[in-house]
Amino acid sequence: MTRWSNRTAMGRLTTHVLDLTRGRPAAGMNVELWRVRGDTHEWVKAVVTNADGRLDAPLLAEAECTPGTYELVFDVGGYFGQGAPDERFLEAVPIRFSVVDPSQHYHVPLLCTPWSYSTYRGS
């Protein structure tokens, strides 16, 4: 079956991280997923990016992908192994987003350096 077939959509949440300083995938970055409900955060899981800067499985797959607010927290400071504490700039990068239609694919990539980051809703 090709990517563009008429198969039934199954919701999922995925991510990948690109290291823009080195121009390659960010392998070995720690990522946490939290569910946000009002003022509380409920831990969902922790994962580590693979050699391609991606995960070996979706963060949320099919039935796990439910409507709500989520937060991905990327350990950018740990990945870049920044120097002394007074030289650090980015540590944890949180990205909060909403899943509205759980049948869709939500892809939340992170493009980062030790000093900046960008994200978007990917495909």
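Heads up: these notes are all about the structure in this document. (Residues numbered from 1 in each chain as written. Predicted model: local features only at pLDDT ≥ 70, side-chain atom pairs only at ≥ 80, totals over all residues. Heavy atoms only, no water.)

### Considering the packing of aromatic side chains
Under the criterion given, the structure shown has 2 aromatic pairs. With a centroid separation of 6.2 Å and an interplanar angle of 25°, the aromatic rings of Tyr 70 and Phe 97 are classed as stacked. Placement of Tyr 70 in strand β7 (residues 68-75) and of Phe 97 in strand β8 (residues 92-99) is noted, with a sequence separation of 27 residues between them. A residue is classified by how much of its surface remains accessible, and Tyr 70, at 2% relative accessible area, is buried. Geometrically, the ring pair formed by Tyr 79 and Phe 80 is edge-to-face, given 4.8 Å between the ring centres and 80° between the ring planes. The ring of Tyr 106 carries Arg 121 above its face, with NZ or CZ at 4.0 Å from the centroid. (Phe/Tyr/Trp six-rings, centres within 6.5 Å; stacked < 30°, edge-to-face > 60°. Helix = DSSP H or I, 4+ residues; strand = E, 2+ residues; numbered from the N terminus. Buried < 20%, exposed > 50% of the residue type's maximum accessible area, 1.4 Å probe, protein only. Lys NZ or Arg CZ within 6 Å of the ring centre and 35° of its normal.)

### Structural notes on the nonpolar core
Leu 13, Met 29, Leu 72, Phe 74, Val 76, Phe 97 and Leu 110 are the most contacted members of the largest nonpolar core, which has 25 residues in total. At the level of secondary structure, the elements contributing two or more residues to this core comprise β4 (30-37), β7, α1 (76-80), β8 and β10 (110-112). The element contributing the most residues to this core is β8, with 4 residues. (Core = buried A, V, L, I, M, F, W, Y, C linked by side-chain atoms within 4.5 Å.)

### Observations concerning the pairing of strand β5 (residues 40-48)
Sheet topology note: the β4/β5 ladder contains 8 bridges and is antiparallel. Note that in β5 the partner of Trp 34 across the bridge is Trp 43. Turn length for the β4-β5 hairpin, with the two strands adjacent in sequence and antiparallel, is 2 residues, and the turn residue Gly 38 shows positive phi of about 65°. (Pairing = 2+ DSSP bridges.)

Everything listed here is a matter of coordinates, which is why it stays silent on function.
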